[in-house]
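Coordinate inspection notes
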Amino acid sequence: MVLFTEPLFLLCNVYINQVSCALKEPITTLFIFVINQTSYLMASISLTEVIMAIIFCFIFLHCLLFKKHHNRFLRNWPVLGMLPGLLVELYRIYDFTVELLESTNLTFLFKGPWFSGMDMLVTVDPTNIHYMLSSNFHNYTKGTDFKQVFDAFGDSILTTESEAWKNLRKASQVMINHHGFQKLSVSTTMSKLKDGLVPLLDRFAEEGTTVDLQDVFGRFMFDTTLVTVTGCDDPRSLSFEMPEVESAKALHDIGEGILYRHVKPRLLWKLQNWIGVGTEKKMVEAGATFDRVCEKYISAKREEIARWKGNNKSEDILTSHLKLDATKYKLSSSIDDKFLRDTILTFILAGRDTIASVLTWFFWLLSENPYVLNKIRQEMDTNLPPSTSSSDYDPTEQLNKLVYLHAALCETMRLYPPVPIERVSPVRSDVLPSGHKVEANSKIIILIYALGRMKAVWGEDASEFKPERWITETGVLRHEPSFKFLAFNAGPRTCLGKKIAMVLMKAVVVKILQNFDVKAAESQKIEPGPHLILSMKHGFRVSISKRA
C-alpha cells in the first residue's frame, strides 16, 4: 500500500511546486496541508479512497489554475460536489459567502462530496429564519449529528434538545436573571477593570509598547467569567506577566477541534479521532486538562457548601447548580460532576469568547470611524460622572443612559457577530417560505455574518458602520427583529445573558475611553479568522496613551 501511494503523493508535491508561484500563499499552504494529512493517514485507508484523494488533488489544482477566482457560483463536480470551488475561496470565505448569497436571492444549496454528509442549505432570508427559529421552532432542532460534533460539551444546555433543553433553560434563566448573579457579574467586572485592566493599560502607555488588544480582552473576559461561573479566585491571566493558563489553552484547542469537524467529512474526523492524530488528538488532550481543572473547582465548591451547611451566599453559576432542585425543574440528568463540568465549559465559552470578540471588533471600528468615537465620548461626558469621581453610583443605571454607545455595539455585532453561523435541522420534511424543500435531518446553515451585510435586508449601506441606524428620530433605540439581527439568536433560544452582556461591554468601553486613547498599529492586516467565535485572524495590535 505504501509502496503504491508514496510516488503518487510525491508527484502531487512536484506539481504543487511547479504551480505555487501562480497561487496565493494561503491556498498553497492549505493544499500542502491536505496532501500531508492524506499522506499521514494513507496506511489506514483503502486503495479506493487514496485514488479518490489523488483525483481530488488534481481537480482542486485545475480549479486554481484554469478557473477565474471569485466566481459567484460554485461548480458542482461529479463525486466531489462543490467542495473544490469552496476550498479555492477558503482564504476569503466570509466575503465570498456575502457575494454568493447576495447573488442567489439569499438562499443557496451547497452540494458536498458524495456520501460525505456535507450537503446543506445555506440561507440568510429573514422569512426563513423567523420560520425556523420562531414560528415553526418545534420542527427545527440542532440536528442528529450536532451532539457528536460538540461532544466536548456533554449534556449541557448547548447540546440538549426537546424537554431536557426546556427544563435546563428554565433553570438557567432563573440563575442568570437572579439579582445576586447580576450583581456578582457587574461587581466582578468593575473590580477587574479597576485592579487589572486599567493598571495594565497604564503600564503599556508608560512603556510605549504595542499590545494585542484581542489577547487583552480574551484574558480579561476569561478571568471575570471564570470567577462568576465557578466562584474561584481571580486566575489573573490578565496581568503584567501575561501567563499562559492551561484551562484557557484547553478551551482554545477544544474550539479549534470543533471548528475542523465542521469543514471535514464526518468519516475523516471520526477516523482521526479513532487513530488519535491532528486536531482530534489535541481536542482529547484539552478535554482531559479541562476535566482535571474543573474537578478542583467542583470539589472546592462542594466543601465550601458543606462547611456553610448550605447557607453560603455565593451566587456564582456553579453554586446555583449545586443547590438546584433537580426534581423541581424535572432535569433528566443528575447533577453529578460530569454535568457540572459540562455546564462550566458551556458558560465559560459563552461568556468569555463572545464578549471579547465584540470588544475587539468594536475598538477597531472606532479607530476607523473617529466621528463615532467622538459622539460616544460626548454622550459619556453628558451622562456619567467624571472618571476621577470617588462617589458611589449604580453603574448599570448610568450605563443604560448611553444610547449611542448601545447603538454602536449593536452595529458592531451586525457586521461582526460573535457567533458567525447557526445550524438547524428539520425533524420532518418541510417547505421554507422561500420555496425551498428541506428533507428531514438535512443540514441548514444560517450565515449570521452574511445576514448583517445583505443589502436586501439592511439597505444599500449595509456594509457601512452606522450606529445611527439603531436610533429613532426621537433619540431612543430602534428595535430590530431578531430574525434580522441574529447576534443574540432568536425565538425560544434567544440568549439568556443578552442584557447583562450589554452592561458588561459598556462598562469596559467606558472605563477605557475615559482613561485612554487607543490607536491601531499601522500596516496590520485585519480580517476574521476561521474560528467558532469570530475573532481577528492576526490579532489587533494597538498603542495606548493616557488621556489628560
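In this text the structure is predicted, and so the values were computed from the model without any measurement. (Residues numbered from 1 in each chain as written. Predicted model: local features only at pLDDT ≥ 70, side-chain atom pairs only at ≥ 80, totals over all residues. Heavy atoms only, no water.)

Quick look at the sheet that holds strand β9 (residues 516-520) now. One open sheet accounts for 3 strands, arranged β4-β10-β9; its pairing is antiparallel. Of all strands in the sheet, those bounded by a partner on one side alone are β4 (210-212) and β9. Between one strand axis and the next, the sheet turns through 40 degrees on average, direction left out of account. Bridging between β4 and strand β10 (residues 541-546) involves 3 bridges; their strand directions are antiparallel. Directly across from T210, in β10, lies its bridge partner S543. Each of β4, β9 and β10 is contacted by helix α10 (residues 213-230), which is oriented at about 50 degrees to β4, the strand it contacts most. Packed onto the sheet, helix α21 (residues 498-515) meets β9 and β10 and runs at close to 95 degrees relative to β9. (Pairing = 2+ DSSP bridges. Helix = DSSP H or I, 4+ residues; strand = E, 2+ residues; numbered from the N terminus. Axes fitted to C-alpha atoms, helices over the stretch in contact; angles between N-to-C directions. Contact = heavy atoms within 4.5 Å.)

This next bit is on the side chain of T343. Take T343: it is sitting in helix α15 (residues 337-368). Apart from the residues within four sequence positions on either side, T343 is in contact with S156, I317 and H321.

With that settled, consider the sheet that holds strand β2 (residues 120-123). With mixed pairing, 5 strands are arranged side by side in an open sheet as β1-β2-β8-β5-β3. Both edges of this open sheet fall to β1 (107-110) and β3 (140-141), since each of them pairs with a single strand only. Judged from the 4 bridges that link them, strand β5 (residues 421-426) and strand β8 (residues 443-447) form a sheet pairing that is antiparallel. Of the residues in β8, the one forming a bridge with R423 is I445.

Across 5 bridges, the pairing between β9 and β10 is antiparallel. Bridging across to β10, D517 finds its partner in S545.

With that settled, the discussion passes to the packing of helix α8 (residues 162-177) against helix α9 (residues 179-207). Running from N to C, α8 and α9 cross one another at 55 degrees; their axes reach a closest spacing of 5 Å. The orientation of α8 relative to α9 falls into the category oblique. The segment α8 lies against α9, with M175, I176 and N177 engaging H179, F181 and Q182. Tallied by class, residues from the contact of α8 with α9 come to 3 nonpolar, 3 polar and no charged. (Parallel < 35°, antiparallel > 145°, perpendicular 65-115°, else oblique. Nonpolar A, V, L, I, M, F, W, Y, C, P; charged D, E, K, R; others polar.)

Here, the residues flagged by UniProt with the feature "transmembrane region" (unreviewed entry) are residues 40-65 and 77-94. Taken end to end, residues 77-94 is 44% helix and 0% strand, and its first and last C-alpha atoms sit 22 Å apart. (UniProt positions renumbered as here; feature names shortened; annotations may be inferred.)

Attention now goes to the nonpolar core. Generally speaking, soluble globular proteins have nonpolar side chains that are buried together. Judged by nonpolar contacts, the single largest core of 101 residues is most densely connected at L197, F362, F363 and I376. Among the elements that line this core, the one with the most residues is α21, at 12 residues. Among all residues touching L197, those that are not within four sequence positions of it are K192, V216, F220, L238, V508 and I512. Core analysis: the second largest hydrophobic core is formed by 46 residues, F146, V229, C232 and A250 among them. (Core = buried A, V, L, I, M, F, W, Y, C linked by side-chain atoms within 4.5 Å. Buried < 20%, exposed > 50% of the residue type's maximum accessible area, 1.4 Å probe, protein only.)

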